[in-house]
Amino acid sequence: MASIFQGIGAATSLSSSTLFDSKKLQLCSRRSLSERKTSFVVVRAAGAKMDGGSSGIGGRADQLVTNAVATKADTPAAAAAASKPGHELLLFEALREGLEEEMERDARVCVMGEDVGHYGGSYKVTKGLAPKYGDLRVLDTPIAENSFTGMGIGAAMMGLRPIIEGMNMGFLLLAFNQISNNCGMLHYTSGGQFKIPVVIRGPGGVGRQLGAEHSQRLESYFQSIPGIQMVACSTPYNAKGLMKAAIRSDNPVILFEHVLLYNLKETIPDEEYVLNLEEAEMVRPGEHVTILTYSRMRYHVMQAAKTLVNKGYDPEVIDIRSLKPFDLHTIGNSIKKTHRVLIVEECMRTGGIGASLTAAISENFHDYLDAPIVCLSSQDVPTPYAGTLEEWTVVQPPQIVAAVEQLCR
Amino acid sequence: MALLKSSKCIMHHLKSNKFRMLGFTSSVSNSLFSRHHHLLRTVSPPLLPNHARVKPSIAFSGRFESVCDGKQLHTATQFSNDINQLSSEAPLEEELNFPGGKVKFTPERIFTSGSDNERTQCYRVLNENGQLIVDSDLFKISKELAVKMYKDMVTLQVMDTIFYEAQRQGRISFYLSTTGEEAINIASAAALNNNDFVFPQYREPGVLLWRGFTLQEFANQLFGNKYDYGKGRQLAIHYGSKKHNYITVSSTVATQIPHAVGAAYSMKMENQDSCTITYFGDGGSSTGDFHAGLNFSAVMEVPVIFFCRNNGWAISTPISDQFRSDGIVVRGKAYGIPSIRVDGNDALAIYSVVYEARKMAIEKQTPVLIEALTYRAGHHSTSDDSTKYRPIDEMEWWRDNQNPVKRFRLWIENEGWWSDRVESEHRSNIRKQLSQAIQAAERVEKPSVTDMFNDVYDVPTKNLSEQEIFLRENIKKHAKDYPYNVIT
């Protein structure tokens, strides 16, 4: 988890084994330093081993990474060592905490969606916010996704920072017109005059027998829209950090949550932290194969990883987190080390995140590959309702194990 | 429990038509229940007092429990055969507190008609001859305001003609005129404050003009040159200007309606002394965004003015093919929004309506719906030839007879504030300015390649930077394959 705090400006040299004193926080920018003015702590995900130091890799001279920490999904090892004990909560509570902290910090932050007010949201992410901040700031909308997304866009153009909740990501298909034509485009077509700092969030992915319409993977459909950013959270820690980052970003950000991950428990730091939206998370460093995944599939991958380790393999697992744009830097470094890639996703085979990622990796790192990229996805079928059928449509750990074995032959 | 049983008995009997009961409900009277057995034996219905005469029909009876709070507020009881009691007791109507409020019952099965016999009336203060209609409810405006309004209407008219021509000459790719809707554009803008945010469809450049957008600025956008505020990214006539509080036009129809509602919501939250206004046509009123936008605005009680330019045509679709309601004004009521219909060719009427709507919207924090009836006297755009689907004489009739510019001119001339000489001076002045603006805009270079990749995000992503580098290299390598004037 987060153990390093980075500095902006001249390359701050961190010795490779220091755990940073949190008081030496400075501002950090992931991209061109002069362009983005950040005023919050950006936490670099721990554990990315970088060969030969920090300079000159794709304009990231400002970033230094120290310890490679093999963090597992449920124990934030380094963080525990570096900071205070932290507090334990569930993923939906982490989302709420992030949301509440931002609402407290900036009066322009507001929430709108169906049943987000006194009902507290279908997944309880907004519970308690309406009584605290009022009906207007936590707004219950009638059922018209395209229109309340449009409303959020209009409010954003006036300076508010709305968080638009889709009760289920699938319902946002109705909002596609507003998201694509206005949310993604208006900053550009207005010549930069109007910005749309909205966060569009909601649960998606395959749940437990929710039926095809409630089991959509919207990241597939949205990934082509220019002007938006997409991130997927998978742990309480990154859920809170990404929520805060998304709210503070001036770009429209779509935050993908997963229906089955809301009750994940984790201990997260007490002190404030914000994660980097464009960064992937090193879940488990390794040498033999790079496994790229996100959201719920991370857990299937980690489960398969246990089996693989027992069989003598050493997989490197990266939760890509940033679905648009891809963190090709982290991914690239991994591929340069392992030379084998396995992508595990929940999207359908055709036109999913895996398909785009495969293309991006092929294009950029072809020379480093010792084997063709393997992508495990769901089939191109509507998600069936029957339990067994539904299980077969989602990539399961044994398949992942088999794929790795095949790749590493 | 016993009561329930007996009412079921009643129902059973009713269905078997043993007798007809006049269905009406009387006020609560528990004593009536004791008459249940009594009722069963009734053969003929009692006489009712005149005022409560209802058509004989199968009685409507049963028990309706209040859904709201679970306790019985009223029950629809059986009729009483005791007329004396009735005539001296409470009224015959009964009401019930359903979710949403009290509703009165009626024993008459009457469907409200889909349309009224008479259409909603249209507010007008100037007749076709520019004369004030006697006893009209007029807003007085100053000479200064009236003259500026007229001048801008003329400017808009001339601008439309010349830019349209420029498109025909191939100098710009596309244009869309506001012929016939000059009063709507200028008069509505005149009634607003500069801090009222405008969410246009695309036929409202006059609002920008009123607020001070110059002819040069219009031309720059049309030519997509480097001075265009949109940096050459949007189609022609898709103006946008933050400093004029006018949102960039988006080609998608009616998507601006929810934007306006959201913006009004933001103004409400921040307690601002301003409102938003959004324009759309008769065609736009059929979209989902229209319905949800109006609905939301009423629920949230936000200060937004919905201005519908009902000009009779959505490209080639006449309004008879667009909807069957009495225009758009009647829909306001469906959403709980105060509405008014106004003569879209009468600048004074539009001015006063928008002025008052704005006041209402802000003071009472309510949406307002305005439907301006007018006629799209020009083609939909330069990509359209409307003579293909409507008769030329219809277009000409509207252009001559109901011309808003002519009408307003007659009025201000009558007031002694305008003359022929001033008119021709103004027109030729504008024509000259336009010609210069066009020439100048044409000569200005286009935005550079950098502006192709800027503003997609606040800061370009890595893949965008790479794509830019790739494109630049290509342009350098194959310079002759790219337009000569591409600016890198």
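Residues numbered from 1 in each chain as written. Chains lettered and ligands numbered in written order. Predicted model: local features only at pLDDT ≥ 70, side-chain atom pairs only at ≥ 80, totals over all residues. Heavy atoms only, no water.

1. Side note on the environment of L242 of chain A
All names here are of chain A. The condition that has to hold: Secondary structure is summarised from DSSP: a helix means a run of H or I of at least four residues, a strand means a run of E of at least two, and numbering begins at the N terminus for each. Under the scheme applied here, a residue whose accessible area is under 20% of the maximum for its type counts as buried, over 50% as exposed, and between as partly exposed, the area being computed with a 1.4 Å probe on protein chains only. Contacts are assigned to residue pairs with any non-hydrogen atoms lying within 4.5 Å of each other.
Topologically, L242 is positioned in helix α8 (residues 236–248). Judged by relative accessible area, L242 falls into the buried class, the value being 0%. In this structure the C-alpha to C-alpha distance between L242 and R208, which are 34 residues apart in sequence, comes to 25 Å. In this structure L242 touches V231, A232, C233, L255, L275, N276, L277 and R321, once residues within four positions along its chain are discounted.

2. Looking at the interface of chain B and chain A
Our working definition: Summed over both partners, buried area is the accessible surface (1.4 Å probe) that two parts give up on being assembled. Within this document, salt bridges are pairs made up of a side-chain nitrogen of Lys or Arg and a carboxyl oxygen of Asp or Glu, the two lying within 4 Å of each other. Each polar contact in these results corresponds to two N or O atoms within 3.5 Å; when the atoms are within protein, one needs to be able to donate a hydrogen and the other to accept it, and residues that are neighboring in sequence are counted only if both atoms are side-chain atoms. Only Asp, Glu, Lys and Arg are considered charged in this grouping, and only Ala, Val, Leu, Ile, Met, Phe, Trp, Tyr, Cys and Pro are considered nonpolar; every other residue, Gly among them, is considered polar.
Taken residue by residue, the interface counts 47 residues in chain B and 46 residues in chain A. Buried area between chain B and chain A, summed over both chains or domains, comes out near 3800 Å², and the portion from carbon and sulfur atoms is 65%. Counting the contacts that link chain B with chain A gives zero salt bridges. Counting every contact that joins chain B to chain A gives 16 residue pairs in polar contact (both at pLDDT 80 or more). Breaking the side of chain B that touches chain A down by element, the ones donating at least two residues are β3 (197–199), α9 (256–269), α10 (288–300), α16 (450–453) and α17 (462–477) of chain B. Considering every element that reaches the side of chain B that touches chain A, the biggest residue donor is α9 of chain B, with ten residues. Taken together, the residues of the side of chain B that touches chain A break down into 19 nonpolar, 17 polar and eleven charged.

3. Things to note about the packing of helix α8 (residues 215–223) of chain B against helix α15 (residues 420–443) of chain B
Residue and element names in this part refer to chain B. What counts is decided by this rule: Axes here mean lines fitted to C-alpha atoms, for a helix over just the part in contact, with angles spanning 0 to 180 degrees between N-to-C directions. Geometric relationships in this document are graded by angle, where less than 35 degrees denotes roughly parallel, more than 145 denotes roughly antiparallel, 65 to 115 denotes roughly perpendicular, and other angles denote oblique. For any helix crossing, the convention is left-handed if the near helix is rotated counterclockwise from the far helix by under a right angle, and right-handed if that rotation is clockwise.
α15 packs onto α8 with a crossing angle of 40° between their chain directions and a minimal axis gap of 9 Å. The angle between the axes of α8 and α15 places the two elements in the oblique class. Between α8 and α15 lies a crossing of right-handed hand. Residue-level inspection shows L215, Q216, A219, N220 and F223 of α8 in contact with α15, the latter providing I430, Q433, L434, Q436, A437, I438, A440, A441 and E442. Residue composition of the contact of α8 with α15, by class: nine nonpolar, four polar and one charged.

4. Digging into the sheet that holds strand β14 (residues 315–319) of chain A
Residues and elements named next belong to chain A. So the rule is basically this: Strand pairing follows a simple DSSP-based rule, namely that at least 2 bridges must link the two strands.
The sheet built from five strands is open, its strands ordered β12-β14-β13-β16-β17 with mixed pairing. Looking at the sheet topology across the chains shown, the edges are occupied by β12 (281–284) and β17 (374–378). The mean inter-strand angle of the sheet, taken between neighbouring strand axes irrespective of direction, is 25°. Those strands touched by helix α11 (residues 353–365) are β13 (289–293), β16 (341–348) and β17, and its axis lies near 150° from that of β16. This element, helix α13 (residues 397–407), spans β13, β16 and β17 of the sheet and lies at about 150° to β16.

5. Quick look at the UniProt feature "domain: Transketolase-like pyrimidine-binding" (unreviewed entry) in chain A
The condition that has to hold: UniProt positions are given in the numbering used here, feature names are shortened, and annotations may be inferred rather than shown by experiment.
Mapped onto the present numbering, the UniProt feature "domain: Transketolase-like pyrimidine-binding" (unreviewed entry) falls on residues 89–264 of chain A. With 36% helix and 18% strand, residues 89–264 of chain A has end C-alpha atoms that lie 8 Å from one another.

6. Brief notes about the side chain of T366 of chain B
One can find T366 of chain B in the loop between α12 (347–364) and β9 (368–373). Beyond its immediate stretch of four places on either side in the chain, T366 of chain B contacts V302, P303, V304, P338, M360 and A361 of chain B.

7. Examining the environment of E257 of chain A
All names here are of chain A. On the secondary structure map, E257 appears in strand β9 (residues 253–258). Between the C-alpha atoms of E257 and L95, which are 162 residues apart in sequence, the distance is 9.6 Å. When sequence neighbours within four positions are dropped, the list of residues in contact with E257 reads L95, R201, G202, P203, G204, C233 and Y262. Reaching out from E257, the side chain makes a polar contact with the side chain of Y262 at a distance of 2.4 Å.

8. Remarks on helix α9 (residues 297–310) of chain A
Residues and elements named next belong to chain A. Condition: By this rule the span expected of a helix is its residue count minus one, scaled by 1.5 Å.
A rise of 1.5 Å per residue sets the reference length of α9, with its 14 residues, at 20 Å; its end C-alpha atoms lie 20 Å apart and thus fit the reference within 8%. Restricting attention to buried positions, one finds in α9 the residues M297, R298, Y299, H300, V301, M302, A304, A305 and L308. Directly after α9, the chain includes G312, whose backbone phi takes a positive value near 100°.

9. Describing the pairing of strand β4 (residues 276–281) of chain B
Looking along a regular strand, one sees side chains alternate from face to face of the sheet. All names here are of chain B. Threshold: Clockwise travel from the first strand over the helix to the second, with the strands pointing away from the viewer, marks a crossover as right-handed.
Within β4, six of the six residues are buried, leaving the element largely enclosed by the surrounding structure. Where β3 meets β4, three bridges bridge the pair, whose relative direction is parallel. For F199, the partnering residue across the bridge sits in β4 and is T278. Bridge count between β4 and strand β5 (residues 304–310): six bridges; the pairing is parallel. Paired with I277 across the two strands is I305, which belongs to β5. One crossover worth recording links β4 to the parallel β5 by way of α10, and it is right-handed.

10. Here we look at the state of the cysteines
All names here are of chain A. The following threshold applies: Put simply, a disulfide is two cysteine sulfurs that come within 2.5 Å.
Counting across every chain of the model gives zero disulfides over all chains. Cysteine C233 shares no disulfide, and the gap to the nearest cysteine sulfur, in C347, comes to 15 Å. With relative accessibility at 2%, the residue C233 sits in the buried group. As a non-bridged cysteine, C408 has C375 as the owner of its nearest cysteine sulfur, 16 Å distant.

11. Concerning unusual backbone geometry
Put simply, K324 of chain A and P325 of chain A share a cis peptide bond, and its omega is 0°. Positive phi values are uncommon outside glycine, yet I315 of chain B reaches one of about 50°. Take I315 of chain B: it is sitting in the loop between β6 (313–314) and β7 (317–318). When its relative accessible area of 41% is taken as the criterion, I315 of chain B is described as partly exposed.

12. Here we look at the environment of I373 of chain A
Inspection of the secondary structure assignment puts I373 of chain A in the loop between α11 and β17. Remark: the alpha-carbon pair of I373 of chain A and Y237 of chain A, spanning 136 residues in sequence, is separated by 30 Å.

13. Things to note about the UniProt feature "domain: Dehydrogenase E1 component" (unreviewed entry) in chain B
Using the residue numbers shown here, the UniProt feature "domain: Dehydrogenase E1 component" (unreviewed entry) corresponds to residues 151–448 of chain B. With 47% helix and 10% strand, the stretch residues 151–448 of chain B has end C-alpha atoms that lie 37 Å from each other.

14. A few points about the pattern of salt bridges
Here the structure, examined in full by the defined rule, presents 47 salt bridges over all chains. Residues D319 of chain A and R298 of chain A are paired through a salt bridge, measuring 2.8 Å at the closest nitrogen-oxygen approach. Taken together, the residues D319 of chain A in strand β14 and R298 of chain A in helix α9 connect sequence positions 21 residues apart. Residues D319 of chain A and R298 of chain A agree in their burial class; the two are buried. A salt bridge links R409 of chain B to E413 of chain B, with the shortest nitrogen-to-oxygen separation between them at 2.8 Å. Here R409 of chain B pairs with E413 of chain B, and both are found in helix α14 (residues 404–414), just four residues apart, close to one helical turn. Here the salt bridges do not stand alone but share partners, grouping E97, E101, E102, R105, K240, K244, R248 and E272 of chain A into one network.

15. What to know about the nonpolar core
As a reminder of what qualifies: By nonpolar core we mean a set of buried residues, namely Ala, Val, Leu, Ile, Met, Phe, Trp, Tyr and Cys, connected to one another through side-chain atoms within 4.5 Å.
F222, I320 and I361 of chain A together with Y265 of chain B are the most contacted members of the largest nonpolar core, which totals 79 residues. For I361 of chain A, the contacting residues outside a window of four places in its chain are L292, I331, I335, V341, I343, H366, L369 and I373 of chain A. Membership of the second largest hydrophobic core comes to 76 residues, among which are A187, C275, I305 and L348 of chain B.

16. Some points on the packing of aromatic side chains
Under the convention used in this document: Side-chain rings of Phe, Tyr and Trp (the six-membered ring for Trp) are treated as a pair once their centres are within 6.5 Å; stacked means planes under 30 degrees apart, edge-to-face means over 60, and tilted covers the remaining angles.
Scanning all chains against the criterion turns up 21 aromatic pairs over all chains. Their ring planes at 70° and their centres at 6.2 Å tell us that F194 of chain A and F197 of chain B sit as a pair that is edge-to-face. Note that F194 of chain A is positioned in the loop between α6 (186–189) and β7 (199–204) and F197 of chain B in strand β3, a pairing that runs across two chains. On the basis of relative accessibility, which here comes to 7%, the residue F197 of chain B falls in the buried class. Geometrically, the ring pair formed by F197 of chain B and F199 of chain B is tilted, given 5.6 Å between the ring centres and 40° between the ring planes. F199 of chain B shares its class with F197 of chain B; the two are buried. Grouped by ring-pair contacts, the aromatic residues Y150, F408, W411, W417 and W418 of chain B constitute a single cluster.

17. Some thoughts on the sheet that holds β3 of chain B
Residue and element names in this part refer to chain B. Pairing within the open sheet is parallel, and its five strands lie in the order β3-β4-β5-β9-β8. On the outer flanks of this sheet lie β3 and β8 (339–343), each paired with one strand and no other. Strand-to-strand twist across the sheet, computed as the mean angle between neighbouring axes with direction ignored, equals 20°. Across the sheet, α9 is in contact with β3, β4 and β5; its angle to β4 comes to roughly 170°.

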